[in-house]
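A closer look at the structure
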Amino acid sequence: MSGASGQRISAPGSLGRDLALAGGALLVLLVLPLIFPSKVLLDYIIRVAAFGIFATSLNMLVGFGGMVSFGHGMFFGGGAYAFGLMMQKLGVSIPVAFAGGMVYCALLALVVGAICIRLKETFFSFLTLAFQMLLHSIIISWVSLTGGDQGLMGGIPRPPFLGINLANQLHLYSFSCVLLVASLLLMRHILQTPFGYTLRMVRDNPDRARFLGIDIARIRLTAFVMAGCFGGVGGILMSLFVSGAYPEFAYWSTSGEAVFMIMMGGIHLFLGPIVGAAVFMALNDVITRFTEYHGLALGITVLIFALVFRRGLTDFVAQLRGGARAKP
Amino acid sequence: MDLTALLECVTTLSCVVTQTTSGLIIGVLLFLVGAGLTLIFGVLKVINFTHGSLYMLGAYLGLTGYRLTGSFALAVVMAGLGVALFAAVFERVFMRRVYGTDVLMQLLVCYAFILILDDVVKIVWGPEFQSMGMPPAFQAPPVLFGGGVIPVFYLFLIGAAAVIALGLWFLLVRTRMGKIVRAAAHNPDMTSALGINTGLVYASVFALGGLLAGLAGALAAPVRSMSPGMGFSILIESFIVTVIGGMGSVGGALAGAVLIGIIRAFGSIGFPLFVEGLMFMAMAAILILKPSGLFGREER
């Protein structure tokens, strides 16, 4: 690791290395159930995959775009509901509904983003939060379509496709791992393209970007739409896992959790949010086992990270390896 | 959508009176919460995401104060002062540490406190819905006006909010403290260079915001049920109010609050399932036509 800008800005030509890493990780993940045939472990990894994709997509905005969205849960919930409703009402196959869910999230992000990106910093955070709560209240009040606060009634059907039966845990696990690795690879690649570097420039110095003739609003909106799309993938995976969709998916706390995951993992490394998601999920399971006051325990943990450590876990690792502290 | 019902309502005086008063009730409560939000933003340039939780705390402190003393007036004052104290401590101990850092940290500290306060309320007051009940002083027959029915408590609430609004105006415009607050909002470095303890100003502004939110929570207690997490919807609504009125403008918060109150009251007749959507459409329209809000200064 060299230079103050840290590992995050690796050479654009590192696609081969990324592919090799991804292939290796996928192999390990797929072999894992043969070594540890534990249902609990597989369920845990499926949830980490769903929230990992979700948190990484948020980090495209927060870490790489400098846009701290507090409403990203709208895509988690939006994707889950769009997917579930298409499966229930239209009876399409899973890949079609999957694509439909992503398209829905992209359109949602386009509309919400077009309004929100006009605002800076903390206003942007609050406005995205407000739109998320609008979606949540629509889900709650449109009972005939969404089942209201009970969530999508009757579960989401999971018909087999291409020999894959997602009602089977092992199939769902493998599907999740492939989806996780593919999504990460795709997001990583997007951030390594000229678009990704333009996004970083807009984050670091919008004025300079404007002087260079870059349409800042368009770059931000593009990032918002892509992040929304991948956020939807996380939600769809979660809805496949629980075979349903619940209003909590679109509640503000989902966004808060994702924001904490990326902060806890570290926004300076591309894989930080995955680490954050994995630690958060484990922490969550431990907290729920020991206390009913889940919010209190979680809140105190968040405070410790935000005020005492002031950095994420992967930042500590980067520091231990002797690198200069990367710029946020 | 029920446009005929809406048309029928706006053409009947009694319905107009009833809906306008309930709109004003929503409006004055939103104004009290929104004014604090906008003041804190004006001076500290942070949006206090915990503001809804302060409102919740006010409601619960009011409940306890009322049960202990039996006096609603005393309960409201206790709730206001209690929340003001809490807000000042919260600012000095926690928020102070995240000014000037990135928005992410401010967001996380607020996120943590929303979670913590919801659970503290659950521990102290229990997770179930609670209500204060109407204090005996207001259990008088409702006032009839133009065929519309107005509960006495509604009149009191509007009056009390008007008094608080006047007090706030006096404090900000006519006192030395108000001058300092406005100076700090305008140029904190200069204010500090003139020998003014800006830390104290920041804590006071938070306390003032907390006072207003606490008063609003306690004043609303007889007509709204309480539950942990109740602060969140009022947080979103008061944010919409401040965006419409213009962030940093107390007068704008008043205009925005009354507008939202009226939209809510009449919208619930015409578009019962789309009331929230109406508020957002109003906000989106303002953001597109006049991003700084009705009374906001052009700066951000």
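Because the structure is a prediction, the values reported are computed rather than measured.

Concerning the overall build of chain B
If you tally the helices and strands in chain B, you get twelve helices and two strands. In terms of overall size, chain B behaves like a compact globule, its C-alpha atoms giving a radius of gyration of 19 Å where 300 residues would be expected to give roughly 19 Å. Along the first, second and third principal axes, the C-alpha set of chain B runs to 60 × 50 × 35 Å. In chain B, which comprises 300 residues, the share counted as buried stands at 52%. Contacts in chain B between residues far apart in sequence, at least 24 positions, make up 76% of those at least 6 positions apart.

Section: the overall build of chain A
Helix and strand counts for chain A come out as 14 helices and zero strands. Going residue by residue from the N terminus, the α and β elements of chain A occur as α-α-α-α-α-α-α-α-α-α-α-α-α-α. For 328 residues, the compact-globule estimate of 2.2 N^0.38 gives 20 Å, and chain A sits close to it at 19 Å. For chain A, the proportion of its 328 residues judged to be buried stands at 49%. Partitioning the contacts of chain A with sequence separation of at least 6, the portion at a separation of at least 24 is 79%.

Regarding helix α6 (residues 152–174) of chain B
All names here are of chain B. Across its 23 residues, α6 extends 32 Å between first and last C-alpha, which sits within 8% of the 33 Å expected from 1.5 Å per residue. All of the buried residues in α6 are Phe-153, Tyr-154, Leu-157, Ala-161, Ile-164 and Leu-168. If you follow the buried residues of α6, they end up packed against α2 (13–44), β2 (148–150), α9 (198–220) and α11 (250–270).

Observations concerning the confidence of the model for chain B
Put simply, chain B has an average pLDDT of 87, and 98% of its residues get 70 or more. The ipTM, which scores confidence in the relative placement of chains, is 0.82 for this predicted complex, and the corresponding pTM is 0.87.

Focus on the interface of chain B and chain A
Chain B puts 34 residues into the contact, and the matching count from chain A is 32 residues. For the side of chain B that touches chain A, the secondary-structure elements that each account for two or more residues are α5 (103–125), α10 (231–245) and α12 (275–289) of chain B. The dominant element in the side of chain B that touches chain A, judged by the number of residues it contributes, is α5(B), at 17 residues. For the side of chain B that touches chain A, the per-class residue count stands at 25 nonpolar, two polar and seven charged.

Re the nonpolar core
Residues B:Leu32 and B:Leu108 are the most contacted members of the largest nonpolar core, which totals 206 residues. For this core, the element with the most residues is α2(B), which contributes 16 residues.

Things to note about the packing of helix α2 (residues 39–65) of chain A against helix α12 (residues 272–290) of chain A
The relative placement of two packed helices comes down to the angle between their axes together with the axis-to-axis distance. All names here are of chain A. Axis separation between α2 and α12 bottoms out at 8 Å; the angle between their running directions is 135 degrees. As judged from the angle between their axes, α2 and α12 are oblique. Crossing of α2 against α12: the hand is right-handed. Contacts from Tyr-44, Arg-47, Val-48, Phe-51, Gly-52, Ala-55, Thr-56 and Asn-59 of α2 reach α12 at Pro-273, Ile-274, Gly-276, Ala-277, Ala-278 and Met-281.

Some words on the environment of B:Met95
All names here are of chain B. In this fold, Met-95 is placed in the loop between α4 (72–93) and α5. With 18 residues separating them in the primary sequence, Met-95 and Phe-113 have C-alpha atoms 11 Å apart. When residues no more than four places from it in sequence are discounted, the contact partners of Met-95 are Phe-90 and Val-109.

Regarding the environment of B:Gly251
Examined against the element boundaries, B:Gly251 turns out to sit in helix α11. Through-space distance from the C-alpha of B:Gly251 to that of B:Ala165 is 9.6 Å; in sequence the pair is 86 residues apart.

Side note on the confidence of the model for chain A
All names here are of chain A. Predicted confidence across chain A gives a mean pLDDT of 84, with 94% of residues reaching 70 or more. Element-level mean pLDDT values for chain A span from 77 in helix α14 (residues 313–320) up to 92 in helix α10 (residues 216–242). In the model, residues 1–10 has pLDDT below 50 throughout and makes 18 contacts with residues more than four positions away in sequence or in other chains. For the stretch residues 324–328, pLDDT sits under 50, and the model shows twelve contacts to residues farther than four places along the chain or on other chains.

As for unusual backbone geometry
One non-glycine residue with positive phi stands out, namely A:Ser243, at about 50 degrees. With respect to the element layout, A:Ser243 can be found in the loop between α10 and α11 (252–265).

Considerations on the environment of B:Asn197
Residues and elements named next belong to chain B. Looking at where Asn-197 falls in the secondary structure, it is placed in the loop between α8 (188–193) and α9. We classify Asn-197 as exposed; it has 12 C-beta atoms within 10 Å. In this structure, the C-alpha to C-alpha distance between Asn-197 and Ala-184, residues 13 residues apart in sequence, is 10.0 Å.

Thoughts on α10(A)
Residue and element names in this part refer to chain A. Look at α10: 39 Å from first C-alpha to last across 27 residues, which is about the 39 Å you get at 1.5 Å a residue. Extensive coverage of α10 is indicated by the burial of 19 of its 27 residues. Phi turns positive one or two residues past the end of α10, at Ser-243, with a value near 50 degrees.

Cut-offs applied
- Along each chain, residue indices are assigned from 1 in the same order as the chain's sequence is written.
- Just so you know, chain letters begin at A and ligand numbers begin at 1, following the order they were written in.
- Reporting in this predicted model follows two pLDDT cut-offs: at least 70 for local features of residues, and 80 or more for side-chain atom pairs to be given and counted; totals over whole chains, interfaces and linings ignore these cut-offs and use all residues.
- Note on conventions: DSSP H or I runs of at least 4 residues are helices, E runs of at least 2 residues are strands, and numbering of each starts at the N terminus.
- Throughout, the radius of gyration refers to the C-alpha atoms, and the reference size of a globule is 2.2 Å times the residue count to the power 0.38.
- Burial in this document is a count-based property: other C-beta atoms within 10 Å of a residue's C-beta are tallied, and the residue is buried at 20 or more, exposed at 12 or fewer, or partly exposed in between, with C-beta positions derived from the backbone.
- Here the contact rule is simple: place C-beta atoms from the backbone, and any two residues whose C-beta atoms are within 7 Å are in contact.
- To estimate the expected span of a helix, subtract one from its residue number and multiply by 1.5 Å.
- Each residue carries a pLDDT score, the predictor's confidence in it, ranging from 0 to 100.
- Asp, Glu, Lys and Arg are counted as charged, while Ala, Val, Leu, Ile, Met, Phe, Trp, Tyr, Cys and Pro are counted as nonpolar; the rest, among them Gly, fall into the polar class.
- By definition, a nonpolar core groups buried Ala, Val, Leu, Ile, Met, Phe, Trp, Tyr and Cys residues that connect through C-beta atoms lying within 7 Å of each other.
- Each axis is a line fitted through C-alpha atoms, taken for helices only over the stretch in contact, and angles between the N-to-C directions span 0 to 180 degrees.
- Any angle that falls under 35 degrees is termed roughly parallel, while one over 145 is termed roughly antiparallel, one within 65 to 115 roughly perpendicular, and all others oblique.
- Handedness of a helix crossing follows the sense of rotation of the near helix relative to the far helix, less than a right angle counterclockwise being left-handed and clockwise being right-handed.

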